Each structure stands twice: as structure tokens, then as C-alpha cells.
Amino acid sequence: MVKQTLVVFLLALAPAALAQKFEGLAPTPPMGWNSWNTFQAKISEKLIREAADALVSSGMRDAGYKYLVIDDGWEAMERDSQGNLIPDPERFPSGMKALGDYIHSKGLKFGIHNCAGTKTCSGYPGGRGHEFQDARAYASWGVDYLKYDWCSHGTADAHETYKTMGDALYSAKRPIVYSLCEWGDTKPWTWGRDIGHLWRTTGDIMACYDCQGAYSLGWKFIIEKQVGLEEFAGPNRWNDPDMLEVGNPGLTLAESRAHFSLWAMLAAPLMAGNDIRKMSDEVRQILTDREVIAIDQDPLGKQATRFMNHPGKQIWQKELSKGDWAVCFFNDGDSAVQLQIDWKHLTFLKGQYRVRDVWQKKDLGQTTGEFRAPLASRDVVLLRLTPVR
Ligand code: GLA
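Owing to the predicted nature of the structure, the values given are computational and were not obtained by experimental measurement.

Tell me about the pattern of salt bridges, and please be specific about residues and values.
Scanning all chains against the criterion turns up 28 salt bridges. Note that Asp379 and Arg257 form a salt bridge whose closest N and O atoms lie 2.9 Å from each other. Of the two residues, Asp379 is situated in the loop between β17 (370-375) and β18 (380-387) and Arg257 in helix α9 (residues 253-265); the sequence distance between them amounts to 122 residues. Look at Arg257 and you get partly exposed, because its relative accessible area is 23%.

Structure, rendered in C-alpha cells:
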């Protein structure tokens, strides 16, 4: 009897304790553009409208980049007298609903940023204590994606705080992709899957290969931190190694290509962070490469593992649907190398495959004998293998 009462009591508690999440919103890693990496908090509705136009005219929207995410800097410095969030009246005079309508009219989805702490990292009002009120505002503006940051969190518990906002979004009844920007501090991959659709695994990316700041790091270091997190990624629950620096000053074209390839291998969200209004053709071609994007967006949703970590000759493997594999050779060193590898040594392969060089757009025959190719410094050779049936 006591046991039965206990079960009834626990069941009654369960709905309150369980996190609530809109399912099925991110079956493949979200793709889009975010204002932060190029513009930081210097943003306006004019810029956001231009970015929406550029997503369409560059072909990026049609290549899959559908979320336009307005990062830190859109808010007024204070909430209004009822505690509502309001946009900066000078830089966003038309308001967020009108801007969202413009974004939607371009066939895009509307993303916004705020913070789980009392203030955002740029000092604007954070969401703490206002979660349900803010979620209702986002829903009324037509927001489709919320990036929720972690500055000024004081002694707050990350899991509980992110869950509160998740519950608030759920109760506002508009399906919103929920991106937990907690920087990996409390291993959100161990608790985030029932709450959000993606979670940051590191501090902020910098536009460089191997530089480091107090809270930020180049992509060489970011990829190291993804090793071991493979099992946590999958449809609707992605590890997020931060937004792209492809095309930003600080990266060579080869570095941009390699960075993009590795993000695709990692099934990472692809959030472009360059000035898409004025990118070069080469950069646009990298960002819109259909074959690389298909590796990222593969429906199986597997994050690559590093098969070999030999200096200058890293090998990454990503299982794809229908028996295909993506294999990425990455030269992390400072001088060019010559790849020479017996296909037999790639022990994850079973049987015979056709080989496609994804960047060169060339079919290279089958997996017989050795694979040889030159590989420049900080560059990749990216292959897609398809079983011979
Ligand atoms: C943090 C996040 C960044 C960006 C800034 C905005 O540093 O990790 O991606 O959103 O805040 O201030």
C-alpha cells in the first residue's frame, strides 16, 4: 500500500520535474547566419534586413541556411515599466515583430539571442527571473530560434536555469529551436538533450587557426574539444562547436575550407558568421558547397570520430546513411605532406567503395590498393565513399 502510494505520488510529480521540449525541430544540424562574429553588438534592423536579402541573393538560403539569428545588441538597456524586453529604439525602430515578418517574408526563420543570467555579455538585460514573460514575447514576435547565453549567471545552476527557459518556451506554445550557449562549462551534453536542440561545447571561436584568448580559441583547439563527445550528438540534440569563421579576416582560404569541412564532419550546426553582403565568390562557394553540406546534414546524424591523430595526417571518419562514409584527411601542421595510405588500414570500411573527392568534384575510382594525394598545410582532402553493390 505504502509502495503504491509512493508510485502515485511520484507519478503526480513527474510532469513538473520532467523537462519539456518541442521535438523534431532540428532533425539535422541547424544552419543559418548569426550577426555576432562580424558585427558584435553593433547591429541594427537595417543590417539584419540586408543580411536577410544577402542570404537569398547569395544562394545560401537555398543551400540550407534558413535561420537568421540576431545576436547580442538588439535590446534597449532597460526593460519597460512592466518588465518587458524592448528593442533599442534607435537601431531597431520598427520593433522585433516587424523585423521577424520581414525575415519570414524572405523564406527564412527568425532567431534571437538573450542570456540565462541577469545581463547579456554586452550588458543588456538578461532573462533571469523573466523567463515566462520573455518566452511569450518571443512567441508573439514570431521567433523560431533562441540562442541563450551564460554571462552574469552568478551562482545559478546551469541545468535548472536552462530547463526553466525551456519550460517557458514550451508553455508559450510556439515551436522554437533552443540553443544552449553555456560554453560547455557543466558538460551540457550530459543533461541538455531533454531541454534543448543544441549546446555549445566550448568558449567562443576566434577568427584564426591556432590563437587563444582568455575565453576564446581558434578552431584548431576547438576541434580537440569535440573528441569524445560523439555519442551525445544525434537528431534534435547536437554538439555545437560554435559558429563559423569561414571567410573572415584571419583565416586563409585553405583554413576556411578545412574549418568548414571539419564542422561538416562533426555534424555541427552551420551558422555562418561572415559579412555575407560582401563575401568573395570563393568564400560563397565554400559556404554553399552542396556536397559538403550533405555530409553535415546527413540524416543519420552521426558526429565524426578521429580515426588517426598522426601529426599532419589526421584522419576523421563519419558514418553516413545508406552505407556511405565521409573521410577527411586533415593536415594540422605547418608544411605540406603527401598522403599515402593503404585502404585496408581504414578498418571501419567493409568491402569495396567508390571514391569521390568532394572539393575537387572528381570521382577517383575504387578503394583498391593505396590512396595517394598531396595535402597542403591546414587544409583537407575530403572524400565520400559509396559502397559498390
Ligand atoms: C558569448 C557567446 C557568443 C556571443 C556573445 C554575445 O560570448 O558565447 O557567441 O553570443 O556572448 O555577447
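Continuing now.
So what about the site of the ligand? Which residues, and what values?
In the vicinity of the ligand, 13 residues are found, and the nearest of them are Asp71, Asp72, Lys147, Asp149 and Asp204. Note that an oxygen atom of the ligand is positioned 2.7 Å from one of the side-chain N or O atoms of Asp72. Contacts to the ligand include Lys147, whose side-chain N or O atom sits 2.8 Å from an oxygen atom. Against a free-state accessible area of 310 Å², the protein chains account for coverage of 95% of the ligand. In terms of residue class, the shell around the ligand is built from 5 nonpolar, 2 polar and 6 charged.

Give a detailed account of the state of the cysteines, specifying residues and quantitative values.
Each disulfide consists of one covalent bond between the sulfur atoms belonging to two cysteines. Taken as a whole and judged by the stated rule, the model has 2 disulfides. What pairs with Cys121 in a disulfide is Cys151, and their sulfur atoms sit 2.1 Å apart. An S-S torsion of about 105 degrees defines the bridge between Cys121 and Cys151 as right-handed. Residue Cys121 is found in the loop between β3 (109-115) and α6 (131-141), and its partner Cys151 is found in the loop between β4 (145-149) and α7 (158-172); the two are separated by 30 residues along the sequence. Take Cys121: its relative accessible area is 41%, and that puts it in the partly exposed class.

Which residues make up the sheet that holds strand β11 (residues 305-310), and what values do they have?
Pairing is antiparallel across the open sheet formed by 6 strands, whose spatial order is β11-β12-β13-β18-β15-β16. Of all strands in the sheet, those bounded by a partner on one side alone are β11 and β16 (362-366). Here the average twist between neighbouring strands, direction ignored, is 20 degrees. Where strand β12 (residues 313-319) lies against strand β13 (residues 325-330), 6 bridges are found, and the strand directions are antiparallel. Following the sheet pairing, Glu319 is matched in β13 by Trp325.

Please give an account of the pairing of β11 that cites residues and values.
Bridging between β11 and β12 involves 5 bridges; their strand directions are antiparallel. Opposite His310, over in β12, you have Lys313 as the bridge partner. Counting the residues in the hairpin turn of β11 and β12 gives 2 residues, including Gly312, whose phi is positive at 80 degrees.

Can you lay out the nonpolar core for me, pointing to particular residues and giving the numbers?
In this structure, Tyr65, Tyr138 and Phe260 are the most contacted members of the largest nonpolar core, which totals 87 residues. In this structure, Phe329, Tyr353, Ala373 and Val381 belong to the second largest nonpolar core, which totals 18 residues.

How would you summarise helix α5 (residues 96-105) if you had to cite specific residues and measurements?
Residues of α5 that are buried include every one of Met96, Leu99, Gly100, Tyr102 and Ile103, and no others. Considered in projection along α5, the buried side chains sweep an arc of 155 degrees and stay on one side of the axis. Where α5 is buried, its residues contact α3 (45-57), β2 (67-70), β3 and α6.

I'd like to hear about the packing of α6 against α7, residue by residue, with values.
For the pair α6 and α7, the least separation of the axes is 8 Å and the interaxial angle reads 45 degrees. On the basis of their axis angle, the class for α6 and α7 is oblique. With respect to the hand of their crossing, α6 and α7 are arranged in right-handed fashion. Taken together, the residues of α7 that come into contact with α6 (itself represented by Glu131, Phe132, Ala135, Arg136, Tyr138 and Ala139) are Thr164, Met165, Asp167, Ala168, Leu169, Ser171 and Ala172. Looking at the contact of α6 with α7 residue by residue, the class counts come to 8 nonpolar, 2 polar and 3 charged.

Now, about the packing of aromatic side chains: what can you tell me, with residues and values included?
All told, the structure shown has 16 aromatic pairs when counted by the stated rule. Relative to Trp141, the ring of Tyr138 lies with its centre 5.9 Å away and its plane at 65 degrees, an arrangement referred to as edge-to-face. Pair noted here: Tyr138 and Trp141 are both in helix α6, with a separation of 3 residues, about one helical turn. Neither Tyr138 nor Trp141 differs from the other in exposure class; each is buried. Ring centres of Tyr162 and Tyr178 lie 6.4 Å apart, and the angle between their planes is 40 degrees; this geometry places the pair in the tilted category. One end of the pair, Tyr162, is in helix α7; the other, Tyr178, is in strand β5 (residues 177-180), with 16 residues separating them in the sequence. On the accessibility criterion, Tyr162 (0% relative accessible area) is buried. The class for Tyr178 is buried, based on a relative accessible area of 1%. Ring pairs connect the aromatic residues Tyr148, Trp150, Tyr162, Tyr178 and Trp191, which therefore count as one cluster. Directly above the aromatic system of Tyr102 lies the positively charged group of Arg49, at a separation of 4.6 Å from the ring centroid.

Rules behind the numbers
- Residue numbers restart at each chain and count upward from 1, following the sequence in its written direction.
- For a predicted model such as this one, the threshold for reporting local features is a pLDDT of at least 70, and the threshold for listing and counting side-chain atom pairs is 80 or more; totals across whole chains, interfaces and linings nevertheless cover every residue.
- Based on all heavy atoms of the structure, the side-chain values leave hydrogens and waters out of the count.
- A pairing counts as a salt bridge when a side-chain nitrogen of Lys or Arg comes within 4 Å of a carboxyl oxygen of Asp or Glu.
- Each helix is a run of DSSP H or I of at least 4 residues and each strand a run of E of at least 2, with the numbering of both proceeding from the N terminus.
- A simple rule labels every residue: compare its accessible area, found with a 1.4 Å probe on the protein chains alone, to the largest value its type can have, and call it buried under 20%, exposed over 50%, or partly exposed in between.
- One heavy atom within 4 Å of a molecule or strand makes the whole residue count as near it.
- Polar contact criterion, stated in full: a pair of N or O atoms within 3.5 Å, where within protein one must be able to donate a hydrogen and the other to accept it, and residues adjacent in sequence count only if both atoms are side-chain atoms.
- Here the accessible surface of atoms and residues is derived via Shrake-Rupley with a 1.4 Å probe, and residues count as covered only by protein chains that are part of the display.
- Gly is put with the polar residues, along with every residue not named as nonpolar or charged; the nonpolar set is Ala, Val, Leu, Ile, Met, Phe, Trp, Tyr, Cys and Pro, and the charged set is Asp, Glu, Lys and Arg.
- The rule for a disulfide is simple: a pair of cysteine sulfur atoms within 2.5 Å.
- Pairs of strands are assigned from DSSP output, requiring at least two bridges between the strands.
- Note on geometry: axes are C-alpha line fits, over the in-contact stretch for helices, and angles between N-to-C directions span 0 to 180 degrees.
- Remark: nonpolar core denotes a set of buried residues (Ala, Val, Leu, Ile, Met, Phe, Trp, Tyr, Cys) joined through side-chain atoms within 4.5 Å.
- Arc definition: it is the arc formed by the directions from the helix axis to the C-beta atoms.
- It only takes one pair of heavy atoms within 4.5 Å for two residues to be counted as in contact.
- To sort the angles, those under 35 degrees are grouped as roughly parallel, those over 145 as roughly antiparallel, those from 65 to 115 as roughly perpendicular, and the leftovers as oblique.
- Left-handed describes a crossing whose near helix is turned anticlockwise from the far helix by less than a right angle; the clockwise case is right-handed.
- We call Phe, Tyr and Trp rings a pair once their centres come within 6.5 Å, taking the six-membered ring for Trp, and we label the pair stacked below 30 degrees between planes, edge-to-face above 60, and tilted otherwise.
- Any Lys NZ or Arg CZ found within 6 Å of a ring centre and within 35 degrees of that ring's normal is scored as a charge over the ring.

Interpretation note: all reported values are geometric properties and have no functional meaning in isolation.
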